[in-house]
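Here is what each chain is made of, one letter per residue.
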Amino acid sequence: MRSRAEIHRREWLLAMMASGLTLRQLSSSAQTVSKTSSSKLAMPGLVPGRVIAVSHPGSIIDGKFQEKPIQKMIEEGMLDLTEAPDLTSAWRAFVEPGDVVGIKVNPVGGPHVVSSPEVVREIIRGLESAGIRRKDIVVYDRYREEFLKVGFEKWLPEGVRWTNAAERYDDIQQGIDGYDPDHYMDMALTLPGYDAKDEKARRSYAAKFITKDINKLINLPVLKDHQSAGVTLALKNLSHGLVNNVCRTHSSSTLNACGAFIPAVVSMPVIRNKAVLHILDGIKGLYHGGPGARPQFVWDHHTMYFATDPVALDHVCWKEIDKKRIAEGMKPVAESKPDQFSTFLNRQPEHIEIAGALGLGTFQENKIDLRRIPLSA
């Protein structure tokens, strides 16, 4: 049975929507406290609207990622994204010696759909070619327990560092050890039963990893469906991986505010200015039941995506997931209704369009410069 506080909170959210305050307005009305130096690389980055999709049929064979094809995919993707004369110059468009560069991986779909070791190691090689020392490369995910369960620390070259913001997942997530009290997003949304006057209940604080440990971030999401957010791609890998107090966004199958929360968090200057490059590992994908990956919904997509604009990237990849769903006889993400594997009533891939409306990138399809590069085996 629901508590009175939970019922009151749900009624408040429904009343808020009924009064005309949309998810877009909730997102744009959120307050951010986050001082950081502005950058020409800040979202939407060097090449707004450009998305490079590199496919290779040999990138995964019999469930095993193939190093050489993946090296070629990353080389082609970086060269075409930047239009640089060589691969080192392509990486130097984003980083320079003296930078401390973070790599935000994604372990949530483990063991079936995660940031792969072959991709992570190739990104590290690219950074080294641009003059970044191994001790100045930091691989990160929010929860130490999930990071170690996937085995990320075993994949890293000697000297590359890794870190986390919290020990493990919990349903409240309002502790701020590992987070920076000087950088937060304040939104009029709390978990049911929590007081909106409580700052910790209505704020999400940025991890010290992004505020103190690094000055550049490479975002390495994967290609996945998500029950509440609709899809989890570049934007959500940042929003739900770099701050605390995220469970308030999807605390039940009917209390869902991902559409507002995701763009509001990514709009924080410390995230917007430091996340300079997005490389989506879509060699494998998940088209239903996410964020955890059930094997029956995993497919070999054989494609990686490169962008400085996370909105354009996410719009393209959202369509790829929809394309696979339709091929499997399912409705597109935005029209999907609950089933035994995906229980949320109304999923919210509109977080991508709202992010575009907040200036984080290009959502309009006719303004996206999608370049497809098919490589042969």
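Predicted, not measured: the structure shown is a model, and the values here were computed from it.

Caption draft 1: Representation of unusual backbone geometry within the structure. The omega torsion across Met43 and Pro44 is 10 degrees, close enough to zero to call that bond cis. Here the residue pair Gly290 and Pro291 is connected by a cis peptide bond, since its omega of 15 degrees sits within 30 degrees of zero. In this fold, Pro291 is placed in the loop between β13 (275–286) and β14 (298–307). A positive phi angle, near 50 degrees, is found at Asp62, a position not held by glycine. One can find Asp62 in the loop between β3 (60–61) and β4 (64–65).

Caption draft 2: Expanded view of the packing of aromatic side chains. Under the counting rule described, the total for this entry stands at 10 aromatic pairs. Between Phe152 and Trp155, the ring centres sit 4.9 Å apart and the planes meet at 75 degrees, which makes this aromatic pair edge-to-face. Taken as a pair, Phe152 and Trp155 lie in helix α7 (residues 152–155) at a separation of three residues, close to a single helical turn. According to the relative accessible area criterion, Phe152 is buried, its value standing at 1%. By relative accessible area, Trp155 is classed as buried at 18%. Pairwise contacts between aromatic rings join Phe147, Phe152, Trp155 and Trp162 into one cluster.

Caption draft 3: Looking closely at the state of the cysteines. Evaluated as defined, the whole model comprises zero disulfides. No disulfide involves Cys258; its nearest neighbouring cysteine sulfur is the one of Cys247, lying 10 Å away. Residue Cys258 is classed as buried on the basis of its relative accessible area, which comes to 0%. Distance from the sulfur of Cys317, which forms no disulfide, to the nearest cysteine sulfur (Cys258) is 18 Å.

Caption draft 4: Region of interest: the environment of Pro221. Mapped onto the elements of the fold, Pro221 is located in the loop between β10 (216–219) and β11 (222–226). In the structure, Pro221 is positioned 12 residues away from Leu233 in sequence and 5.6 Å away in space, judged by C-alpha atoms. Non-local contacts of Pro221, meaning those with residues more than four positions away in its chain, are made with Leu233, Ala234, Asn237, Ile279, Leu280 and Asp281.

Caption draft 5: Structural view of the side chain of Asp281. Relative to the elements of secondary structure, Asp281 occurs in strand β13. Despite its burial, Asp281 remains without a salt bridge, the nearest opposite charge being carried by Lys284 at 9.4 Å. A polar contact of 3.1 Å, which involves the side chain of Asp281, links it to the backbone nitrogen of Ser116. One polar contact links the side chain of Asp281 to the main-chain amide nitrogen of Ile283, over a distance of 3.3 Å. Dropping the residues within four chain positions of it, Asp281 is found in contact with Phe65, Val114, Ser115, Ser116, Val119, Leu220, Pro221, Val222, Leu223 and Thr303.

Caption draft 6: Representation of the sheet that holds strand β9 (residues 203–207). One open sheet holds the three strands; their spatial order is β1-β8-β9, and the pairing between them is antiparallel. Strand pairing shows two members of the sheet lacking a second neighbour, β1 (31–33) and β9, which therefore form its edges. Across the sheet, the axes of successive neighbouring strands diverge by a mean angle of 30 degrees, strand direction being ignored. In this structure, strand β8 (residues 179–186) lies alongside β9, joined through five bridges in antiparallel fashion. When the sheet's bridge partners are listed, Asp186 is paired in β9 with Arg203.

Caption draft 7: Layout of the confidence of the model for the chain. For the chain, per-residue confidence averages 92 on the pLDDT scale, and 94% of positions sit at 70 or higher. A low-confidence stretch, residues 1–20 stays under pLDDT 50, and its non-local contacts, those more than four residues away or across chains, total 20 contacts.

Caption draft 8: Quick peek at helix α5 (residues 117–129). When the terminal C-alpha atoms of α5 are compared, their 18 Å separation across 13 residues agrees well with the 18 Å that a helix rising 1.5 Å per residue should span. Every buried residue belonging to α5 is among Pro117, Glu118, Val119, Val120, Glu122, Ile123, Ile124, Gly126 and Leu127, and all of these are buried. Immediately downstream of α5, the backbone of Gly131 shows phi near 95 degrees, a positive value.

The rules behind the values
- Residues numbered from 1 in each chain as written.
- Predicted model: local features only at pLDDT ≥ 70, side-chain atom pairs only at ≥ 80, totals over all residues.
- Heavy atoms only, no water.
- Helix = DSSP H or I, 4+ residues; strand = E, 2+ residues; numbered from the N terminus.
- Phe/Tyr/Trp six-rings, centres within 6.5 Å; stacked < 30°, edge-to-face > 60°.
- Buried < 20%, exposed > 50% of the residue type's maximum accessible area, 1.4 Å probe, protein only.
- Disulfide = S-S within 2.5 Å.
- Contact = heavy atoms within 4.5 Å.
- Lys, Arg positive; Asp, Glu negative; His and termini not counted.
- Salt bridge = Lys/Arg side-chain N within 4 Å of Asp/Glu carboxyl O.
- Polar contact = N/O pair within 3.5 Å; in protein donor to acceptor, adjacent residues only side chain to side chain.
- Pairing = 2+ DSSP bridges.
- Axes fitted to C-alpha atoms, helices over the stretch in contact; angles between N-to-C directions.
- pLDDT = per-residue confidence, 0-100.
- Expected span 1.5 Å × (residues − 1).

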